[in-house]
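Now for the letters of each chain:
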Amino acid sequence: MLIEYDVVIVGSGGAGLYAALEASGAGKTAVITKLYPQRSHTGAAQGGIGAALCNVEKDRPEWHAFDTVKGGDYLVDQNAAFILADDAPRAVYDLENRGLPFNRTPEGKIDQRRFGGHTREFGAAAVRRSCYAADRTGHMILQTLYQQCIKNNVVFHYEWQVIDVLLEGTRLTGLIVLELSTGELHHVRAKSALFATGGFGRMFKVTSNAIANTGDGPALLSRAGVPLMDMEFFQFHPTGIRNMGILITEGVRGEGGILLNRNGERFMQRYAPTLMDLAPRDMVSRAIMTEINAGNGIRGDKKMDDWVNLDASHLGRETVETKIPDIADFCRTYLGVDPAVEAMPVQPTAHYAMGGIPTDIDGRVTDGKRIWEGLYSAGECACVSVHGANRLGTNSLVELLVFGRRAGQSMANFACGSEAAKPSSDAEYKIKHWRKRIAKLKEGGRHSGSIYESMKKTMTANVGVYRNGKSMEKAIEDITKLRNTYSEIGGQDRDVNFNSEISSILELENLLDLALHTTSAALVRTESRGAHSREDYPDRDDDKWLKHTLSYLDGDSIRLDSKQVDVSKWEPKPRLY
Ligand SMILES: Cc1cc2nc3c(=O)[nH]c(=O)nc-3n(C[C@H](O)[C@H](O)[C@H](O)COP(=O)(O)OP(=O)(O)OC[C@H]3O[C@@H](n4cnc5c(N)ncnc54)[C@H](O)[C@@H]3O)c2cc1C
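Below: a short report on this structure. Note that residues are indexed from 1 along each chain, following the sequence as it is written. Since the coordinates come from a predicted model, pLDDT governs what is reported: local features require at least 70, and pairs of side-chain atoms require 80 or more to be given and counted, while whole-chain, interface and lining totals use all residues. Excluded from the side-chain calculations are hydrogens and water; all other atoms, namely the structure's heavy atoms, are used.

Describing the sheet that holds strand β4 (residues 112-120)
Moving on, step 1. Note on pairing: two strands pair once DSSP finds at least 2 bridges between them. Here a helix means four or more residues in a row that DSSP labels H or I, a strand means two or more in a row labelled E, and each is numbered from the N terminus. Pairing within the open sheet is antiparallel, and its 3 strands lie in the order β3-β5-β4. Whereas interior strands pair on both sides, the edge strands pair on one side only; in this sheet they are β3 (49-50) and β4.
Moving on, step 2. With 5 bridges connecting them, β4 and strand β5 (residues 125-131) associate as antiparallel partners. Counted as the bridge partner of Arg113 is Ser130 from β5.

Take a look at the structure:
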């Protein structure tokens, strides 16, 4: 079927919904999403949205911007960090006005709590900056924005999976979409399209990410010639539930929870004397792995699955049940542990992709030299870059709101000023290609499971919190082999309707391509910065590496280039917390 829109948004997480809302006045706007909107990973966000509201203590957007730059180990584009911090209070009040039920102070203002790396007066002490709705902040954002989109006549195509993009040179013309309920393929023609497909933590074995986080947007754009930026920077959150990776929000430490090693020692005192447990995530994850590697983990035999404890029991039952109720439930359900009386066993878990589709501050896809006309991106799959080498907690939700909105506005302007969507010269050829490919997958072949497992295993073992040249070469060798065997995969399920096996085989291809981007960019960056910690190059090297990486997929390998970092305000300094 051929369908035509002015604006198409791919993804119904916080970024996609906000962009859709802003663009909806400019013409026929549709959201295409492989999930039902409220199942997007934004709904899992627990801790909060960072904004200098000054509701409980003195704060300034400039301090927020500085923390973002320093937290990102100076790889953040500082002009973008200022926009993020300056616009965050407006974004929070906008959500409040649209009905988001934030927790309140006794006087009725939006309550705020501490979060890792957020400080007052350029690092003097932790500050209360995170605006939250218990530990269900993301869930509330989705509910609020989805209602608003419905009110503004945005069309939704649920459970439609975008599998290809149509470009004439660098001009977007449309998308190829698989409708999951019928197995039908659609050609969606559009003046402009925005990719807001979220993260890709599923390339790792232990991850906080939902099953659908398979990086479809970046992967399919990279196959169409768009570079990806800073792919070597993948964040490991310090506190995932042991072995499972399910997230325990930093909000627990924001409320006063502390990390303890096997000796009951609050070890973060040794690693970050000022902020301790509220140091940025890269530092806390490294500290936990260092403790475990030194035999100070619980069980203490230096095995991969040793852990440390996160203790919130001293906060009392009332705080646990009102401020982190979902966490308390997860711990009781999955571990049989009650956080109001016992410590929670935690390990670092693959959490957030700092890298992704390179965009400017208005969501337009660009490599710094060219702009892809009509092509936009926002949210976790985009790289603006406001997170640099390490994202601060609460800054992703801010990014969705601030840059999702800007991208939506910029698409609206583009759609109003441009003629009807152009026909694509290769749409018919591509539809035929996909029809054939899906039919072939249904003829059967090798099960995808072992390839999926091997990818996750090698990524976790070799490109984890700590990495080195040898381990990453091994990962590249493994991923290359897995990409070569991918063509042997075939489905066991022949169904036309809701054939989830076919859709997950297509997702696996995306993860494999992104794993190759990540490992290749990481191997080349011979320094340690933010979440990229190399045992063989332990120091940051600003002379050589104060630059973004651009990686292009060239058949079986990755070609690398670079892009300048905006350091217009603060000179890079050593990071002390
Ligand atoms: C457990 C957890 C807790 C977190 N807590 C916080 C927090 O407290 N504060 C914070 O700032 N950040 C937090 N984060 C990070 C933050 O939630 C995410 O980065 C952010 O929500 C991503 O939003 P998004 O709009 O980019 O994408 P998502 O919300 O992930 O949505 C992606 C959308 O893309 C669609 N999609 C994907 N592929 C396709 C395709 N091929 N075709 C069609 N549609 C597609 C999906 O259907 C989905 O609607 C957390 C993350 C996790 C995993």
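Remarks on the pairing of strand β17 (residues 371-377)
Moving on, step 1. Think of it in three bands: residues with accessible area under 20% of the maximum for their type are buried, residues over 50% are exposed, and the middle band is partly exposed, with areas taken using a 1.4 Å probe on protein chains only. Of all 7 residues in β17, 5 are buried, a share of seventy percent or more.
Moving on, step 2. Sheet topology note: the strand β9 (residues 185-195)/β17 ladder contains 3 bridges and is parallel. Among the inter-strand pairings, Phe195 is bridged to a residue of β17, identified as Ser377.
Moving on, step 3. Two elements, strand β16 (residues 364-366) and β17, share 2 bridges in a ladder whose sense is antiparallel. Looking across to β17, one finds that Arg364 is bridged to Tyr376.

So, the nonpolar core
Moving on, step 1. Grouped together as the largest cluster of nonpolar side chains are 70 residues, with contacts concentrated most on Leu175, Phe195, Met203, Leu375 and Met455.
Moving on, step 2. Here this core takes 9 residues from helix α15 (residues 500-524), the largest share from any one element.
Moving on, step 3. In this view, Leu375 contacts Leu167, Leu172, Ala193, Phe195, Leu221, Val226, Gly363, Arg364 and Val365; residues no more than four positions away in its chain are not counted.
Moving on, step 4. In this structure, Ala15, Ile83, Val398 and Ala415 belong to the second largest nonpolar core, which totals 49 residues. In this description, a nonpolar core means a group of buried Ala, Val, Leu, Ile, Met, Phe, Trp, Tyr and Cys residues linked to one another through side-chain atoms lying within 4.5 Å. Contacts are assigned to residue pairs that have any heavy atoms within 4.5 Å of one another.

As for unusual backbone geometry
Moving on, step 1. For the bond running from Val384 to Ser385, omega is 10°, close enough to zero to count as cis.
Moving on, step 2. Along the polypeptide, Ser385 turns up in the loop between β18 (382-383) and α11 (395-417).
Moving on, step 3. The phi angle at Glu121 is positive, at roughly 50°, despite the residue not being glycine.
Moving on, step 4. Summarising the element assignment, Glu121 is placed in the loop between β4 and β5.

Overview of the site of the ligand
Moving on, step 1. Taken together, 38 residues lie around the ligand, and Ser40, His41, Thr42, Gly47 and Glu380 are the ones closest in.
Moving on, step 2. In protein, a polar contact means a hydrogen-donor-capable atom and an acceptor-capable atom, both N or O and within 3.5 Å, with residues adjacent in sequence counting only if both atoms are side-chain atoms; elsewhere, any N or O pair within 3.5 Å suffices. Ser12 has a polar backbone atom sitting 2.8 Å from an oxygen atom of the ligand.
Moving on, step 3. Between an oxygen atom of the ligand and a main-chain N or O atom of Ala196, the distance comes to 3.4 Å.
Moving on, step 4. Elements represented by at least two residues in the shell around the ligand include exactly α1 (14-23), β2 (29-33), β7 (160-168), β14 (344-353) and α11.
Moving on, step 5. The leading source of residues in the shell around the ligand is α11, at 4 residues.
Moving on, step 6. Residues that form the shell around the ligand fall into these classes: 13 nonpolar, 21 polar and 4 charged. Here a residue counts as near a molecule or strand whenever at least one of its heavy atoms sits within 4 Å of it. Each residue is assigned to one class: nonpolar for Ala, Val, Leu, Ile, Met, Phe, Trp, Tyr, Cys and Pro, charged for Asp, Glu, Lys and Arg, and polar for all the others, Gly among them.

Some points on the pairing of β14
Moving on, step 1. Here β14 lies mainly inside the structure; 10 of its 10 residues are buried.
Moving on, step 2. Relative to β14, strand β11 (residues 234-241) runs antiparallel, the two sharing 6 bridges. In the sheet register, Phe236 faces β14, and the bridge partner there is Ala350.

Some thoughts on the sheet that holds β11
Across a sheet, strands are paired by hydrogen bonds formed along the backbone, either parallel or antiparallel in direction.
Moving on, step 1. Spatially, 4 strands are ordered β11-β14-β13-β12 in an open sheet, and the strand pairing comes out antiparallel. Where the open sheet ends on each side, the last strands, each with one partner, are β11 and β12 (258-260). Across the sheet, the mean angle from the axis of one strand to that of its neighbour is 45°, orientation sign disregarded. Helix axes are fitted only over the stretch in contact, all axes being lines through C-alpha atoms; the angle between N-to-C directions runs from 0 to 180 degrees.

Comments concerning the environment of Leu560
Moving on, step 1. Here Leu560 lies in strand β22 (residues 557-564).
Moving on, step 2. Overall, the relative accessible area of 30% leaves Leu560 in the partly exposed class.
Moving on, step 3. Along the sequence, Leu560 and Pro227 sit 333 residues apart, while their C-alpha atoms lie 8.9 Å from each other.
Moving on, step 4. Excluding anything up to four places from it in sequence, Leu560 contacts Ser520, Ala521, Val524, Thr549, Leu550 and Ser551.

Brief notes about the pattern of salt bridges
Moving on, step 1. Whenever a carboxyl oxygen of Asp or Glu lies within 4 Å of a side-chain nitrogen of Lys or Arg, that contact is scored as a salt bridge. Tallying each qualifying case throughout the model produces 53 salt bridges.
Moving on, step 2. A salt bridge links Asp73 to Arg540, with the nearest nitrogen and oxygen atoms 2.6 Å apart. Of this pair, Asp73 sits in the loop between α2 (61-71) and α3 (78-97) while Arg540 is found in the loop between β20 (533-534) and α16 (542-545), placing the two residues 467 residues apart along the sequence.
Moving on, step 3. Look at Arg540 and you get partly exposed, because its relative accessible area is 23%.
Moving on, step 4. Between Arg281 and Glu250 there is a salt bridge; the shortest N-O distance is 2.6 Å. Residue Arg281 is found in helix α8 (residues 281-293), and its partner Glu250 is found in the loop between β11 and α6 (251-254); the two are separated by 31 residues along the sequence.
Moving on, step 5. A relative accessible area of 1% places Glu250 in the buried class.
Moving on, step 6. One network of salt bridges, in which partners are shared, links Asp73, Glu232, Asp282, Arg286, Arg525, Glu527, Arg529, Arg540, Asp542 and Arg575.

A word on the packing of aromatic side chains
Moving on, step 1. Pairs were defined over the aromatic rings of Phe, Tyr and Trp, the Trp ring being its six-membered one, requiring ring centres within 6.5 Å. Orientation was assigned from the angle between planes: stacked under 30 degrees, edge-to-face over 60, tilted for the rest. The full count for this structure, using the stated rule, is 14 aromatic pairs.
Moving on, step 2. Ring geometry for Phe66 and Phe122: centres 5.3 Å apart, planes at 80°, overall edge-to-face. Pair noted here: Phe66 is in helix α2 and Phe122 is in the loop between β4 and β5, with a separation of 56 residues, a long-range link.
Moving on, step 3. For Phe66, a relative accessible area of 10% gives the class buried.
Moving on, step 4. Their ring planes at 50° and their centres at 6.4 Å tell us that Phe330 and Tyr334 sit as a pair that is tilted. With Phe330 and Tyr334 both in helix α10 (residues 325-335) and 4 residues apart, the pair spans about one turn of that helix.
Moving on, step 5. Exposure remark for Phe330: the relative accessible area of 25% places this residue in the partly exposed category.
Moving on, step 6. Pairwise contacts between aromatic rings join Tyr36, Tyr146, Phe156 and Tyr158 into one cluster.

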